[in-house]
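Tertiary structure, described
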Amino acid sequence: NNITASSSTLVAGTNIGVSGDSLDTSVATLSATANAGSVFIRESNAVTLASITATGAGNDVVITNDTGDMTVTAVSAADEINLTAAGGLLDNNGATNNLSGASATLTAGTNIGTLADPLDTSVVSFTAAGNAGSVFIREADAVTLTSVTATGAGNDVVVSNDTGTLTVVTVS
């Protein structure tokens, strides 16, 4: 790991990590701001994303964890948010927005959100996969569901939006 600590706050003028060579961390709580750049992190354990921001046109947030849940407080990107959790991808702030960006790709080893506390988003489109788990998402406005899947017996897809059109391409 490049960084091992109980918590870490990263700030960069451009990128944090690079595509294909993410910054490797082992932290419980992570905050990161890439001013005019993207954020690429590979976390080895369960992690809470306290505040992750990638500013500037075309910049992304790409975070993967190898084990445990990924608990999300606030993640924003000018372009795409790509979160991959070995366990669940969970909401950490109640009904307050968790994700803001042009698009989101969410993958979890179990649930994305919960029925009682769905992941709150403000994106134009998203793809989500709950592998061996359900998908619970509450969108703030109009959204396109590019592909949303919940695999495994008894798992559900529950997506709602507060305003605007909900366009469905594929849900299973």
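Residues numbered from 1 in each chain as written. Predicted model: local features only at pLDDT ≥ 70, side-chain atom pairs only at ≥ 80, totals over all residues. Heavy atoms only, no water.

**Considerations on the overall build of the protein chain**
When you go through the protein chain residue by residue, the secondary structure sums to 0 helices and 17 strands. Here the protein chain has a C-alpha radius of gyration of 15 Å; the compact-globule value for 172 residues is 16 Å, and the two agree. If one aligns the C-alpha atoms of the protein chain with their principal axes, the spans along those axes are about 40 × 30 × 30 Å. Considering the protein chain as a whole, with its 172 residues, one finds that 42% of them fall into the buried category. Intrachain contacts of the protein chain at a sequence separation of at least 6 include 15% that bridge at least 24 residues. (Helix = DSSP H or I, 4+ residues; strand = E, 2+ residues; numbered from the N terminus. Rg over C-alpha atoms; globule rule 2.2 N^0.38 Å. Buried < 20%, exposed > 50% of the residue type's maximum accessible area, 1.4 Å probe, protein only. Contact = heavy atoms within 4.5 Å.)

**Overview of unusual backbone geometry**
One non-glycine residue with positive phi stands out, namely alanine 36, at about 60°. Within the secondary structure, alanine 36 sits in the loop between β4 (29-34) and β5 (39-43). The residue alanine 132 is not glycine, and still its phi comes out positive at about 65°. Looking at the secondary structure, you find alanine 132 in the loop between β13 (119-130) and β14 (135-139). Alanine 132 gets classed as exposed once you look at its relative accessible area, which sits at 54%.

**Considering the pattern of salt bridges**
Under the criterion given, the structure shown has 2 salt bridges. Aspartate 66 is the salt-bridge partner of arginine 42, the closest N and O atoms lying 2.9 Å from each other. Here aspartate 66 lies in the loop between β7 (61-65) and β8 (70-72) and arginine 42 lies in strand β5, a separation of 24 residues in the sequence. A relative accessible area of 38% places arginine 42 in the partly exposed class. Classification of aspartate 66 by relative accessible area gives partly exposed; the value is 37%. A salt bridge links arginine 138 to aspartate 120; the shortest N-O distance between them is 2.7 Å. One end of the pair, arginine 138, is in strand β14; the other, aspartate 120, is in strand β13, and 18 residues separate them in sequence. We classify arginine 138 as partly exposed; its relative accessible area is 23%. Judged by relative accessible area, which is 3%, aspartate 120 ranks as buried. (Salt bridge = Lys/Arg side-chain N within 4 Å of Asp/Glu carboxyl O.)

**Details of the pairing of β7**
For β7, the buried fraction is high: 4 of the 5 residues fall into the buried class. Pairing of β7 with strand β10 (residues 80-85) involves 4 bridges; the strand directions are parallel. Along β10, the bridge assignment pairs valine 62 with asparagine 82. (Pairing = 2+ DSSP bridges.)

**A look at the pairing of β4**
A regular strand carries its side chains on alternate faces of the sheet. In this sheet, β4 lies alongside strand β2 (residues 7-12) in parallel orientation, the contact comprising 6 bridges. Bridge assignment links threonine 9 to a residue of β4, and that residue is serine 31. Taken together, the 6 bridges between β4 and strand β6 (residues 47-54) define a ladder with parallel strand orientation. Paired with serine 31 across the two strands is serine 51, which belongs to β6.

**Some thoughts on the side chain of asparagine 98**
Among the structural elements, asparagine 98 can be located in the loop between β11 (89-91) and β12 (99-108). Within the local environment of asparagine 98, its side chain forms a polar contact with the backbone oxygen of threonine 73, the two atoms lying 3.4 Å apart. Setting aside chain neighbours within four positions, we find asparagine 98 in contact with Val72, Thr73, Ala74, Val75, Asp91, Asn92, Asn93, Pro118, Leu119 and Asp120. (Polar contact = N/O pair within 3.5 Å; in protein donor to acceptor, adjacent residues only side chain to side chain.)

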